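The lines below spell out each chain.
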Amino acid sequence: MVITVDAAGRAHYQLRVGEHSQPLNVWLGHNIALQSTGRITCVHCQQPTRKSFGQGHCYLCFRRLARCDTCMMAPERCHYFQGTCREPEWGERHCFAPHVVYLASSSGAKVGITKPSQMPTRWLDQGAVQALPILSVASRRQSGMVETLFKSEISDRTHWQRMLKGEVADVDLIALRDDLMTRLAPGIASLRAQFGEDNIQAHGEQSVARFDYPVLAWPERVSAFNLDRTPQVEGRLMGMKGQYLILDTGVINLRKYTGYQVSVTLSARS
């Protein structure tokens, strides 16, 4: 799904099916059916695969591509300097680029990292209702090291079930940032001494971004569909948050099924 946000912070969803794109906000309250054909195509090599790895890759690409390496989830483990990067040229383009360390509230306050070009997309994909960039760093590895420092004080996880129940209290991210920067000042100073003052700088943004998602009703009990076990999913579309569709029969994380061949039927509620 593609998510955009308007000036008022309202999220707008587009469902991509093949070459077509369908606005979803207008279908709230109506019926939706998804049918998996069982065919999965690797998003990189375009070859059929019996199982999806790393959000849409076949096993060979999952094992070969740098974008599927463990350092993508844990950037502080970058091993480029050891000469063992799977794709050095790809790493130079994507990892040796500025990143942002941010605070957000999806299911509670958390720390995260992203590229400047991915704000606010990254936050919307996570279902964040608030977000605040706090530090600008020179590379992905450095952002991972800063994030690791912050994880000693704050989580880096989103609890998806709590996020989908709408149980997210408002957080004063400005005050939280100031508190964390004070408590972690020695660690930040150490990283700046290692990488240079110019490579880890305070972000200039002083206002908190806020997002509102199109949801008619939050589920009381969150039950997730699995297309591998239940190839047909249908129900009344009650909302969208993050990469999830919320139906009156359960929820489904569409990003999990990248590369799957799925037919989608939208119909007015009778």
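Located above this text is the structure these notes cover.
Residues numbered from 1 in each chain as written. Predicted model: local features only at pLDDT ≥ 70, side-chain atom pairs only at ≥ 80, totals over all residues. Heavy atoms only, no water.

### Some words on the packing of helix 6 (residues 173–183) against helix 7 (residues 185–195)
In step 1: Taken N-terminus to C-terminus, the directions of helix 6 and helix 7 make an angle of 70°; their axes are 4 Å apart at the nearest point. One element, helix 6, and the other, helix 7, form an angle in the roughly perpendicular class. Across the interface between the two elements, Met 181, Thr 182 and Arg 183 of helix 6 pack against Ala 185, Pro 186 and Ile 188 of helix 7.
In step 2: In terms of residue class, the contact of helix 6 with helix 7 is built from four nonpolar, one polar and one charged. (Axes fitted to C-alpha atoms, helices over the stretch in contact; angles between N-to-C directions. Helix = DSSP H or I, 4+ residues; strand = E, 2+ residues; numbered from the N terminus. Parallel < 35°, antiparallel > 145°, perpendicular 65-115°, else oblique. Contact = heavy atoms within 4.5 Å. Nonpolar A, V, L, I, M, F, W, Y, C, P; charged D, E, K, R; others polar.)

### A closer look at the pairing of strand 6 (residues 109–114)
In step 1: In terms of burial, strand 6 is a largely internal element, five of the six residues being buried.
In step 2: Note that strand 5 (residues 99–105) and strand 6 share six bridges and pair antiparallel. Within strand 6, the position partnered with Leu 103 by the bridge is Val 111.
In step 3: Count of turn residues in the strand 5/strand 6 antiparallel hairpin: three residues, of which Gly 108 carries a positive phi of about 145°. (Buried < 20%, exposed > 50% of the residue type's maximum accessible area, 1.4 Å probe, protein only. Pairing = 2+ DSSP bridges.)

### What about the environment of Ser 223?
In step 1: Counting through the fold element by element, Ser 223 comes out in the loop between strand 9 (209–210) and strand 10 (232–241).
In step 2: Distance from Ser 223 to Gly 250, taken between C-alpha atoms, is 5.0 Å for residues 27 residues apart in sequence.
In step 3: Among all residues touching Ser 223, those that are not within four sequence positions of it are Gly 250 and Val 251.

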